[in-house]
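Here is what each chain is made of, one letter per residue.
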Amino acid sequence: MPAWARIPDGVTVEQAAALPMAAETAWRALEDLGVQPGELLLVHGAGTTVGEAAVRFALHRGIRVTATAGQTRAAALEEIGAQVTAYGEGMAERVRALSGDRIDRALDAAPTGGRIDRADQPSPAGGSLPTLIELTGDPDRVLTVSDFAAAAELGVRTTTEIRYDQMDEFARLAGEGILVVPVARTYTLDQIQEAAELSRSRRPGGKLMLVL
């Protein structure tokens, strides 16, 4: 393995398996975005596992967080200290009402094109990225982890180079309860079709784990 870390006490095998991809992507995104303690960060799609990990990392660093999320994870995000509002129509106005001033930087953690509520409906061109640019006032202050085509068109930042040099730090934060990637359900191999259907619904509520 190119990288590994010991599972800390109090963290289950399933929870540990859910950590690396979400945690690494969120950590890298915050680093590449350059968000600093005291700034106000908007995490769009904070109900995704990457989005929630980013919220947790940011709050731990002393960054103020406004988040957009659906009802499934909204209460959990508020509980850890984020200001939460719904995505969709009128999002910019709701975010401004919560923030009270301009958002310093924005992280797009939503699935490609911002389609995080209805998988059967098309999203507008660029998804939610134009709204995030409007809120920050500068495409260079916005980073997406998924919508690379729209990012290239709009001048938004992206991040793609996977780095696992922080695995020990992720394990430490998980052991302290600071970093938690929610596990929605575990499945056996014969239930893989059921897992795939829930995944495609875009409302899994956390990681779906296949246990062999």
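In the block above lies the structure referred to throughout.
Description of the structure in this document. (Residues numbered from 1 in each chain as written. Predicted model: local features only at pLDDT ≥ 70, side-chain atom pairs only at ≥ 80, totals over all residues. Heavy atoms only, no water.)

1. Here's the deal with the overall build of the protein chain
Here is step 1: Assigned secondary structure in the protein chain consists of eight helices and eight strands.
Here is step 2: For 212 residues, the compact-globule estimate of 2.2 N^0.38 gives 17 Å, and the protein chain sits close to it at 17 Å.
Here is step 3: Evaluated residue by residue, the protein chain yields a buried proportion of 42% over its 212 residues.
Here is step 4: Long-range contacts, defined as pairs at least 24 residues apart, comprise 63% of the intrachain contacts of the protein chain with a sequence gap of at least 6. (Helix = DSSP H or I, 4+ residues; strand = E, 2+ residues; numbered from the N terminus. Rg over C-alpha atoms; globule rule 2.2 N^0.38 Å. Buried < 20%, exposed > 50% of the residue type's maximum accessible area, 1.4 Å probe, protein only. Contact = heavy atoms within 4.5 Å.)

2. Thoughts on helix α1 (residues 13-33)
Here is step 1: If you check α1, its first and last C-alpha atoms are 31 Å apart, about what 21 residues at 1.5 Å a residue would give, namely 30 Å.
Here is step 2: The sharpest bend along α1 reaches about 40° and sits at Leu19, with the proline Pro20 one to four residues further on.
Here is step 3: Just past α1, the residue Gly34 takes up positive phi, approximately 80°. (Expected span 1.5 Å × (residues − 1). Bend = angle between axes of the 7 residues up to and from the residue.)

3. Some words on helix α3 (residues 71-79)
Here is step 1: Within α3 the residues assigned to the buried category are Arg73, Ala74 and Leu77. One side of α3 holds all its buried residues, which, seen down the axis, span an arc of 125°. Turned more than 90 degrees away from the buried face of α3, the exposed residues are Gln71, Thr72, Ala75 and Glu79.
Here is step 2: On its buried face, α3 sits against α2 (49-60) and β3 (83-85).
Here is step 3: Following α3 by one or two positions, Gly81 adopts a phi angle in the positive range, close to 120°. (Arc of directions from axis to C-beta.)

4. Section: the sheet that holds strand β2 (residues 64-68)
Here is step 1: Here we have six strands laid out as an open sheet, ordered β3-β2-β1-β4-β5-β6, and parallel in their pairing. Looking at which strands have only one partner, the edges of the open sheet turn out to be β3 and β6 (157-158). (Pairing = 2+ DSSP bridges.)

5. Some words on the pairing of strand β4 (residues 105-108)
Here is step 1: Neither face of β4 is left uncovered, since the one carrying Arg105 and Leu107 and the one carrying Ala106 and Asp108 both have all their residues buried.
Here is step 2: In the sheet, strand β1 (residues 40-44) pairs with β4 via four bridges, with the strands oriented parallel. Bridge pairing in β4 places Val43 opposite Leu107.

6. Considering the nonpolar core
Here is step 1: Among the nonpolar cores identified, the biggest contains 40 residues, and Leu41, Val55, Phe57, Leu107 and Leu179 are the most heavily contacted of them.
Here is step 2: Counting residues per element, the ones that place at least two in this core are α1, β1, α2, β2, α3 and α7 (167-175).
Here is step 3: The greatest single-element share of this core, amounting to ten residues, is contributed by α1. (Core = buried A, V, L, I, M, F, W, Y, C linked by side-chain atoms within 4.5 Å.)

7. Some details on the pattern of salt bridges
Here is step 1: All told, the structure shown has eleven salt bridges when counted by the stated rule.
Here is step 2: Note that Glu52 and Arg73 form a salt bridge whose closest N and O atoms lie 2.9 Å from each other. Of this pair, Glu52 sits in helix α2 while Arg73 sits in helix α3; the two residues are 21 residues apart in sequence, bridging distant segments of the chain. No difference in accessibility class separates Glu52 from Arg73, as the two residues are buried.
Here is step 3: Arg185 is the partner of Glu194 in a salt bridge, and the nearest nitrogen-oxygen pair spans 3.1 Å.
Here is step 4: Its relative accessible area of 37% is what places Arg185 among the partly exposed residues.
Here is step 5: Here the residues in one salt-bridge network are Glu52, Arg56 and Arg73, joined through shared partners. (Salt bridge = Lys/Arg side-chain N within 4 Å of Asp/Glu carboxyl O.)

8. Points about the packing of aromatic side chains
Here is step 1: The full count for this structure, using the stated rule, is three aromatic pairs.
Here is step 2: Arranged with centres 5.1 Å apart and planes meeting at 85°, the rings of Trp27 and Phe57 form a pair that is edge-to-face. Pair noted here: Trp27 is in helix α1 and Phe57 is in helix α2, with a separation of 30 residues, a long-range link.
Here is step 3: Given the relative accessible area of 3%, Phe57 is considered buried.
Here is step 4: A ring pair is formed by Phe57 and Phe170, whose centres lie 5.7 Å apart and whose planes are at 40°; its orientation type is tilted. One end of the pair, Phe57, is in helix α2; the other, Phe170, is in helix α7, with 113 residues separating them in the sequence.
Here is step 5: Taken together, the ring pairs in this structure connect Trp27, Phe57 and Phe170 into an aromatic cluster. (Phe/Tyr/Trp six-rings, centres within 6.5 Å; stacked < 30°, edge-to-face > 60°.)

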